Amino acid sequence: MTKTVTDVVCPFCGTLCDDLEVVVSDDGKKLFEVYNACAIGAEKFLHSQAADRLTRPRMRQDDGSWKEISYDEAIEYTARMLADAKKPLMYGWSSTNCEAQAVGSEIGEMVGAVMDNTATVCHGTSLIAVQDIGIPSCTLGEVKNRADRILFWGCNPAHAHPRHMSRYSIFPRGFFTGKGHTGRKMIVVDPRPTDTARIADVHLQIEQGRDYELLDAFRVAFKGEKLPDVVAGIPKEKIYEAADMLKSGRFAIIFFGMGVTQSLGKNHNIDAAIAVTRDLNEYTKAAIMPMRGHYNVTGSGQVWGWLFGFPYAVDLSRGFARYNPGETTSNDLLRRGEVDAVFVLGSDPGAHFPFSSVKEIYNLPSVAVEPHETPTTEVCKVHVPVAFVGVEVGGCAYRMDNVPIETRKVVEPPEGMLTDEEFLDRVLARVKEIKGV
Amino acid sequence: MAIRVNLITGRTIQQGVSMEAGKEKPAYTAACGIIELDPADFKKLGAFRNTTVRVTSQYGSVVVKAVEATQGPHPGVAYIPMGPWANRVINPNTYSTGMPTFKGTPVTVEVAKNEPVLDSLELVRKGCRGELA
Ligand code: SF4
């Protein structure tokens, strides 16, 4: 027999959908079906059941092959590596729960690590901009119930946050948005006519990398001032049209993604986007929100915010928290060879960092705590498989709008497998012993 | 013939699904070991769809399969889904922001018929050992 678990939270993207239904066996050991999730979310649940899943830690041998080791040996290696290093990098922290992030932070403090999360290659530049000029934001509930002007800038939710538009931003009927998508106007700014752009009322096919100019042009257009004939590849008429569309709404929301944070201009692009939002508030209510990627990257920013005062790139190596993006960020540290050990949990820098950084990880003592086999586990010296957070263990996660949601355990992990938090607890205990505290 | 295009990267739903199904599996290579080119750029390159190509930037080089843009037209712009293939060629400079420049790297694309597209694990392993061009 089977049973159905309802109100399950999807641990993949920052949309953090909380309406999934999962069919599991009566004893809670097997997972059969996933309903309501998008293709990516469903795959994440189903992959936990893979027959070829690794269940024990392993260590790379000199000849390049793997040798299975016990959790105790993996804990010993990790604790030694971190305690012996002068300046270890502890990176990732986005595909895990806040409980594990808190334990990891305690280890980081004890060994003088640099703590960095995936914002460093995602919305780190947004965080810099927020510190520069603040951010008028809101929750996704407000978007659903109030927003009638939706602007997606440099993001493609049809692919990256597949249920965002149906749950919150475009299609749902809310309290003041009873007509659903017919009552909303949608604008997309993207150098490609993406699948998101195809369903928009207006698509501005911007020249790649010219976001700052177009954002500034919007500020000019709001005021009704003169624009050059073409800005960033867009004829001025279209800019005026889009600007008027935004101004005429009752509640405008700007969602932005990697198109602005990773293109040249970086944090200054976001400065400009926030300034556009501020200006728009002269005419109507407007808010802006980053489309956060990993389901709990927002949570790691929160945890470090209250522990250290900074949301990412926190350098604890001097015994107090320092933060200086460009200096204390993972890729800068790796490229300059400034760290002497790498610990990765809840992320895959092997796949998502520039190759020059990956090579540096390969050359250092390194541990990857990760349920899957990934390019990161391929370059690390020790690989520790753990239970899937949000599938095999619950815990707190923060949605992209900073709303905390408790994820649920729906199925048992394979026999004897540790969770992130349990593994980190034991590493912390061992580090304390080594340091004699 | 080699062509010059502006390379961007990002997520696709196939990238997301195949990554969750296992980055060591062929589906991940099929989803991310590709470059999406505009029909106009295919013409300039003088190549058929699904030809293997070598993509080279100032920062590195990688062999991927050239496919027609799925979210086009975007002449002059090429797209490799985020992942280890893209990351061999993107501009790693952060210009003191912490953020590598994942979007907007000038690259050349040339036909490389007989070169294999490596899977993700092999690609990083061989790359780290210095066994790749
Ligand atoms: S949209 Fe995101 S959170 Fe929702 S089911 Fe898909 S991957 Fe999961």
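### A word on the overall build of chain A
Next up, step 1: Scanning chain A from N- to C-terminus turns up 18 helices and 21 strands.
Next up, step 2: What you see for chain A is a C-alpha radius of gyration of 23 Å, in line with the 22 Å of a compact globule of 437 residues.
Next up, step 3: Split into buried and exposed, the 437 residues of chain A put 62% on the buried side.
Next up, step 4: Of the charged side chains in chain A, 48 are positive and 58 negative; the average position of the first set lies 4 Å away from that of the second.

### Focus: the environment of Ala47 of chain B
Residue and element names in this part refer to chain B.
Next up, step 1: Along the chain, the position of Ala47 falls in the loop between helix H3 (39–45) and strand E3 (51–56).
Next up, step 2: Classification of Ala47 by relative accessible area gives buried; the value is 15%.
Next up, step 3: Contact partners of Ala47, with chain neighbours within four places excluded, come to Phe42 and Val111.

### Considerations on the sheet that holds strand E8 (residues 149–153) of chain A
Sheets are built from strands paired through backbone hydrogen bonds, the pairs being either parallel or antiparallel.
All names here are of chain A.
Next up, step 1: Here we have five strands laid out as an open sheet, ordered E10-E9-E8-E13-E14, and parallel in their pairing. The strands lining the two open edges of the sheet, one partner per strand, are strand E10 (202–204) and strand E14 (285–290). Averaged over all neighbouring strand pairs, the angle between strand axes comes to 15°, with direction disregarded.
Next up, step 2: By the bridge criterion, five bridges tie E8 to strand E13 (residues 251–256) in an arrangement that is parallel. Directly across from Trp153, in E13, lies its bridge partner Phe256.
Next up, step 3: Packed on one face of the sheet, helix H9 (residues 211–222) meets E8, strand E9 (185–189) and E10 and runs near 155° to E8.

### Describing the interface of chain B and chain A
The extent of an interface is frequently quoted as the accessible surface area lost upon association of the parts.
Next up, step 1: Each partner contributes to the interface: chain B provides 50 residues, whereas chain A provides 60 residues.
Next up, step 2: In terms of surface lost to chain A, no three residues of chain B exceed Glu20, Gln71 and Met99 of chain B, which account for 17% of the buried area on that side.
Next up, step 3: Viewed at the interface, chain A and chain B are joined by 19 residue pairs in polar contact (both at pLDDT 80 or more).
Next up, step 4: For the side of chain B that touches chain A, the secondary-structure elements that each account for two or more residues are strand E1 (2–10), helix H1 (13–21) and helix H4 (120–128) of chain B.
Next up, step 5: Per-element tally for the side of chain B that touches chain A: the top contributor is H1 of chain B, with eight residues.

### Some thoughts on the pattern of salt bridges
Next up, step 1: In total, this model carries 33 salt bridges over all chains according to the counting rule given.
Next up, step 2: Close ionic contact of Glu378 of chain A with Arg125 of chain B constitutes a salt bridge, the shortest N to O distance being 2.6 Å. Taken together, the residues Glu378 of chain A in helix H17 (residues 375–379) and Arg125 of chain B in helix H4 connect one chain to another.
Next up, step 3: The exposure class assigned to Glu378 of chain A is buried, which follows from its relative accessible area of 6%.

### Some points on the nonpolar core
Next up, step 1: Counting residues in each nonpolar core, the largest one holds 68 residues, and the members touching the most others are Leu31, Phe45 and Val410 of chain A together with Ile35, Val55 and Val109 of chain B.
Next up, step 2: Inspection of this core shows a minimum of three residues originating in each of domain 1 (2–47) and domain 2 (58–121 + 295–435) of chain A.
Next up, step 3: Excluding residues within four positions of it along the chain, Phe45 of chain A makes contact with Val8, Val9, Cys10, Pro11, Leu20, Val22, Leu31, Val34, Gly390, Val391 and Val410 of chain A.

### Some remarks on the pairing of E3 of chain B
All names here are of chain B.
Next up, step 1: Among the six residues that make up E3, five are buried, leaving the element largely enclosed by the rest of the structure.
Next up, step 2: Here E3 pairs with strand E4 (residues 61–68) via six bridges, running antiparallel. The residue bridging Thr52 from the neighbouring strand is Lys65, located in E4.
Next up, step 3: Turn length for the E3-E4 hairpin, with the two strands adjacent in sequence and antiparallel, is four residues.
Next up, step 4: Summarising the sheet, E3 and strand E6 (residues 105–111) pair through four bridges and their orientation is antiparallel. Across the sheet, residue Val55 finds its bridge partner in E6, namely Val109.

### Regarding the site of the ligand
Next up, step 1: Near the ligand the following residues occur: Cys10, Phe12, Cys13, Leu16, Cys17, Ala37, Cys38, Gly41, Pro162 and Arg163 of chain A.
Next up, step 2: For the shell around the ligand, the residue count by class is eight nonpolar, one polar and one charged.

### Digging into a nonpolar patch on the surface
Next up, step 1: Together, Leu264 of chain A together with Tyr59 and Tyr95 of chain B give the surface a local cluster of nonpolar side chains, amounting to about 300 Å² of exposed area.
Next up, step 2: Here Tyr59 of chain B lies in the loop between E3 and E4.
Next up, step 3: Overall, the relative accessible area of 30% leaves Tyr59 of chain B in the partly exposed class.

### Let's talk about the pairing of strand E18 (residues 366–369) of chain A
Residue and element names in this part refer to chain A.
Next up, step 1: Of the two faces of E18, the one carrying Ser366 and Ala368 and the one carrying Val367 and Val369 are both buried.
Next up, step 2: Two elements, strand E17 (residues 341–345) and E18, share four bridges in a ladder whose sense is parallel. Bridge assignment links Val344 to a residue of E18, and that residue is Ala368.
Next up, step 3: Two elements, E18 and strand E19 (residues 382–384), share three bridges in a ladder whose sense is parallel. Each bridged residue has a counterpart across the sheet, and for Ala368 the counterpart in E19 is His383.

### Re the packing of helix H3 (residues 98–111) of chain A against helix H18 (residues 420–435) of chain A
If you want to describe how two helices pack, look at the angle between their axes and the distance between the axes.
Residue and element names in this part refer to chain A.
Next up, step 1: Relative orientation of the contacting elements H3 and H18 amounts to 20°, with a least axis distance of 9 Å. Taken as axis vectors, H3 and H18 run roughly parallel relative to one another. Remark: the crossing between H3 and H18 carries left-handed chirality. Counted together, Glu99, Ala100, Val103, Gly104, Glu106, Ile107, Met110 and Val111 of H3 and Asp420, Glu421, Leu424, Asp425, Val427, Leu428, Val431, Lys432 and Lys435 of H18 form the full contact between these two elements.
Next up, step 2: Taken together, the residues of the contact of H3 with H18 sort by class into nine nonpolar, one polar and seven charged.

### Structural notes on the side chain of Thr277 of chain A
Residue and element names in this part refer to chain A.
Next up, step 1: Along the chain, Thr277 falls in helix H12 (residues 267–280).
Next up, step 2: Given a relative accessible area of 0%, Thr277 falls into the buried group.
Next up, step 3: Ignoring any residue separated from it by four or fewer positions in sequence, one finds Thr277 in contact with Pro136, Ile254, Ala286, Ala287 and Ile288.

Parameters at a glance
- Residue numbers run consecutively from 1 along every chain, following the written order of its sequence.
- Chains carry letters from A onward and ligands carry numbers from 1 onward, assigned in written order.
- With pLDDT at 70 or above as the cut-off, local features in this predicted model cover only qualifying residues; side-chain atom pairs require 80 or more to be listed or tallied, and sums for whole chains, interfaces and linings still use all residues.
- Processing note: side-chain calculations cover all non-hydrogen atoms of the structure and skip hydrogens and water entirely.
- By definition, any uninterrupted DSSP run of H or I lasting at least four residues is a helix, any uninterrupted run of E lasting at least two residues is a strand, and each is numbered from the N terminus.
- Computation of the radius of gyration draws on C-alpha atoms alone. For the globule rule, the value is 2.2 Å times the number of residues to the power 0.38.
- The classification of residues rests on relative accessible area computed with a 1.4 Å probe and restricted to protein chains. Under 20% of the type maximum is buried, over 50% is exposed, and intermediate values are partly exposed.
- Counted charges follow a simple rule, with Lys and Arg positive, Asp and Glu negative, and His plus the chain ends left uncounted.
- Lysine's charge is taken at NZ, arginine's at CZ, aspartate's at CG and glutamate's at CD.
- When checking whether two residues touch, look at their non-hydrogen atoms; a contact exists if any pair is within 4.5 Å.
- For two strands to count as paired, DSSP must find a minimum of two bridges between them.
- Axis definition: a line fitted to C-alpha atoms, over the contacting stretch in the case of helices. Angles run 0 to 180 degrees between N-to-C directions.
- Take the accessible area each of two parts loses on contact, using a 1.4 Å probe, and add the two losses: that sum is the buried area.
- Polar contacts, as counted here, are pairs of nitrogen or oxygen atoms within 3.5 Å of one another; within protein the pair requires one atom able to donate a hydrogen and one able to accept it, and residues that are adjacent in sequence qualify only if both atoms are side-chain atoms.
- Salt bridges, as used here, are contacts in which a Lys or Arg side-chain nitrogen is within 4 Å of a carboxyl oxygen on Asp or Glu.
- Throughout this description, the term nonpolar core refers to a set of buried Ala, Val, Leu, Ile, Met, Phe, Trp, Tyr and Cys residues connected via side-chain atoms within 4.5 Å.
- Per the annotation, domain bounds derive from an automatic or database assignment of domains.
- For this purpose, a residue is taken to be near a molecule or strand whenever a single non-hydrogen atom of the residue falls within 4 Å of it.
- Think of it as three bins: nonpolar holds Ala, Val, Leu, Ile, Met, Phe, Trp, Tyr, Cys and Pro, charged holds Asp, Glu, Lys and Arg, and polar takes everything else, Gly as well.
- Residues enter patches when their relative accessible area tops 30% and they take part in no salt bridge; the joining distance is 9 Å for like charges and 5 Å for the nonpolar side chains Val, Leu, Ile, Met, Phe, Trp and Tyr.
- Per-residue and other accessible areas follow the Shrake-Rupley method at a 1.4 Å probe size, with only the shown protein chains counted as cover for residues.
- Angles are sorted into four bins: roughly parallel if under 35 degrees, roughly antiparallel if over 145, roughly perpendicular if 65 to 115, and oblique for all others.
- Handedness of each helix crossing follows the sense of rotation of the near helix against the far helix: counterclockwise by less than a right angle gives left-handed, clockwise gives right-handed.

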